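Listed below, chain by chain, are the residues.
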Amino acid sequence: MGGKRESIHGVWSGRLAFVLAATGSAVGLGNIWKFPYIAGENGGGAFVIVYLCCIGIIGVPIMMAEVMLGRRGRRSPINTMRHLAREAGASPHWRWLGWAGVAAGFLILSYYSVIAGWALAYVWRSAGAMFVGATSEGVASIFDQLVTDPERLIAWHTLFMVMTMTVVARGVRSGLEKAVRYLVPALFVLLIMLNGYALASGAFDQGLEFLFTPDFSKLSANGFLIALGHAFFTLSLGMGAIMVYGSYLPERTSIAKTSITIAFLDTLVALLAGMAIFPIVFANGMDPGAGAGLIFQTLPIAFGHMAGGVVFGTLFFVLLVFAAWTSAISLIEPAVAWLVENHGMTRVHASVVAGMITWTAGLLTVFSFNLWSDFHPLAFIEIFRTATLFDLLDYLTANIMLPLGGLLIAVFSVWVMQRDDSVQELDMGDSAGFRLWYFLVRYVTPVAVIIVFLNVTKLVNFSALLGLAE
Ligand code: PFF
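Quick caveat, the model's predicted, so the values are computed rather than measured.

**Student:** Looking at this structure, how should I read the overall build of the protein?
**Tutor:** Check the secondary structure of the protein and you find 19 helices and zero strands. Computed over C-alpha atoms, the radius of gyration of the protein comes to 21 Å, within 12% of the 23 Å expected from 2.2 N^0.38 for 470 residues, which places it in the range of a compact globule. Projected onto its principal axes, the C-alpha positions of the protein cover 65 × 55 × 40 Å. When each of the 470 residues of the protein is scored for burial, the buried share is 61%. Within the protein, contacts between residues separated by at least 24 positions form 81% of all contacts whose residues are at least 6 apart in sequence. Looking at the protein as shown, the accessible area adds up to about 17,200 Å², and 67% of this sits on carbon and sulfur atoms. Charge-centre separation for the protein: the mean point of 26 positive side chains lies 13 Å from the mean point of 27 negative side chains.

Rendered as structure tokens:
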């Protein structure tokens, strides 16, 4: 049983520490930066409904599966998969699932760090009162000046990578646990305040309507895949981040309860962010589909006009950096844990190696916003007509690698691993809750992921069959 094994990297101090760390991993740029802009690009309400269904029906069960595998394996995802496959008498090739996760983590962190660098840059802009009284054109030009300057982007990206690797080098427990304890509540308070501003903006209803009134004629097949991919991305699923955190989880912690708590908090942050941003978009006549710069071009307007905006704005971007920081750590942890286990490296050495690879890959994203902004390598495919390298990296990781990783985690957990072992590890007995989990992971997740993939490739056009948008 899992409890006989201990992770060589140590364990969390308790359930709360795990919840905080996993929430720190889940809540990040995905909630505040990405969710609003992809909801905006994909028509709002219908996208949000599909995303919420994916969180509840696929995300929570897969999170439970990942934590369960991690806790049973007690090693980095690569070695956990190898070990659990052996235990179940299955092919050692399952370890490739761990490898795919490590690759996804590197690729995601490469662009994640660049965007987190924008947030860092905005801390100074806000503290320097650059947004006071700003108009929508004013903030748009501040944003353009930043992203069109590769040197500045590289500097911020470098700073963020150094911050990330410093914490990773120190190990799971010191620093990380404490940061999240204050960060998540503080983020809630600020988002609620921003909602207060949005409420007074005169377009709150319009913002809510955009976000919550579904119009399925606006949701394309690709939009479905983006909603599914985002459910994985925002909960940090499908690549081993939650699995590796699960491997540090003490025995006898309820995996079901913790997973539901984490998913709930994560969703709340995303919805609060959306409810703060869209009213500002509409009140200022901006375009909800403006893309990756959306929060950087909307929230500064709010900070520029509210009392105490310099302080609150600065605090907000500081919190955003923290949220990104606690997620970034989990993106690289599977790779670092593996380097320590299999190459006998110290954590410091492993962090430097992993950090340098990621930093280099990050240059692709840096240049996507300036020198290579007209480079659209897959322009011959309709949905990628205007996609830059950054867009493609994001699409490949969030919409393809994570759902596929999640699909394989589901298959392993309930088709390969012994049912008795999962009963024991989830510690729910053979209850109705366990059976619901088993059913969702065994049938619903695989079928849903496959349908969404077939639909986007038009191999089977479910959207047309249901009369939805193409
Ligand atoms: N969940 C993080 C966010 O929403 O910002 C991003 C992320 C972290 C994705 C860790 C995947 C991961 F493994």
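**Student:** How do you make sense of the state of the cysteines when you look at a structure like this?
**Tutor:** Structurally, a disulfide amounts to a covalent bond that connects the sulfur atoms of two cysteines. A complete count under the given rule lists zero disulfides for this structure. A disulfide-free cysteine, Cys53 has its sulfur positioned 6.9 Å from the sulfur of Cys54, the nearest such atom.

**Student:** Explanation requested: the site of the ligand in the structure shown.
**Tutor:** Neighbouring the ligand are 15 residues, the closest being Ala26, Gly30, Tyr112, Phe233 and Met239. Residue Phe233 places a main-chain N or O atom 2.8 Å away from a nitrogen atom belonging to the ligand. Within the side chain of Ser236, an N or O atom sits 3.0 Å from a nitrogen atom of the ligand. Elements with a contribution of two residues or more to the shell around the ligand: helix H1 (15-26), helix H2 (29-41), helix H10 (221-234) and helix H14 (309-343). When the residues that make up the shell around the ligand are grouped by side-chain class, the tally is seven nonpolar, eight polar and no charged.

**Student:** Can you walk me through the packing of aromatic side chains in this structure?
**Tutor:** Each aromatic ring pair is specified by the distance between its two centres and by the angle formed by the two planes. What the rule picks out here adds up to 29 aromatic pairs. With a centroid separation of 5.5 Å and 65° between ring planes, the pair formed by Phe210 and Phe282 is classed as edge-to-face. Of this pair, Phe210 sits in helix H9 (residues 204-212) while Phe282 sits in helix H12 (residues 255-283), and the two are 72 residues apart along the sequence. For Phe210, a relative accessible area of 14% gives the class buried.

**Student:** What is the right way to look at helix H3 (residues 45-73) in this model?
**Tutor:** Residues lying three or four places apart along an α-helix face the same way, a consequence of the helix completing one turn every 3.6 residues. Here H3 is 29 residues long and its end C-alpha atoms lie 40 Å apart, about the 42 Å a rise of 1.5 Å per residue gives. The largest bend in H3 comes to about 40°, at Ile55. Counting buried residues in H3 gives 24 out of 29 residues, a clear majority hidden from the surface. Directly after H3, the chain includes Arg74, whose backbone phi takes a positive value near 60°.

**Student:** How do you make sense of unusual backbone geometry when you look at a structure like this?
**Tutor:** Across the chain, the bulk of peptide bonds are trans and the bulk of non-glycine residues have phi less than zero. Phi is positive for Ala129, close to 60°, though the residue is something other than glycine. Structurally, Ala129 is set in the loop between helix H5 (95-127) and helix H6 (136-147). Among the residues examined, Ala129 registers a relative accessible area of 36% and is labelled partly exposed. Unusually for a residue other than glycine, Ser236 sits at a positive phi of about 60°. Along the chain, Ser236 falls in the loop between H10 and helix H11 (241-246). Judged by its relative accessible area of 10%, Ser236 is buried.

**Student:** What is the right way to look at the environment of Asn370 in this model?
**Tutor:** Along the chain, the position of Asn370 falls in the loop between helix H15 (347-368) and helix H16 (389-416). Given a relative accessible area of 11%, Asn370 falls into the buried group. C-alpha of Asn370 to C-alpha of Leu153: the two residues are 217 residues apart in sequence and 10.0 Å apart in space. If sequence neighbours within four positions are ignored, Asn370 has contacts with Val147, Thr148, Asp149, Pro150 and Leu153. Looking at Asn370, its side chain comes within polar contact range of the main-chain oxygen of Val366, at 3.0 Å.

Calculation criteria
Residues numbered from 1 in each chain as written. Predicted model: local features only at pLDDT ≥ 70, side-chain atom pairs only at ≥ 80, totals over all residues. Heavy atoms only, no water. Helix = DSSP H or I, 4+ residues; strand = E, 2+ residues; numbered from the N terminus. Rg over C-alpha atoms; globule rule 2.2 N^0.38 Å. Buried < 20%, exposed > 50% of the residue type's maximum accessible area, 1.4 Å probe, protein only. Contact = heavy atoms within 4.5 Å. Areas by Shrake-Rupley, 256 points an atom, 1.4 Å probe, with all protein chains shown as cover. Lys, Arg positive; Asp, Glu negative; His and termini not counted. Charge placed at Lys NZ, Arg CZ, Asp CG, Glu CD. Disulfide = S-S within 2.5 Å. Near = heavy atom within 4 Å. Polar contact = N/O pair within 3.5 Å; in protein donor to acceptor, adjacent residues only side chain to side chain. Nonpolar A, V, L, I, M, F, W, Y, C, P; charged D, E, K, R; others polar. Phe/Tyr/Trp six-rings, centres within 6.5 Å; stacked < 30°, edge-to-face > 60°. Expected span 1.5 Å × (residues − 1). Bend = angle between axes of the 7 residues up to and from the residue.

All we've got here are geometric facts, nothing functional implied.
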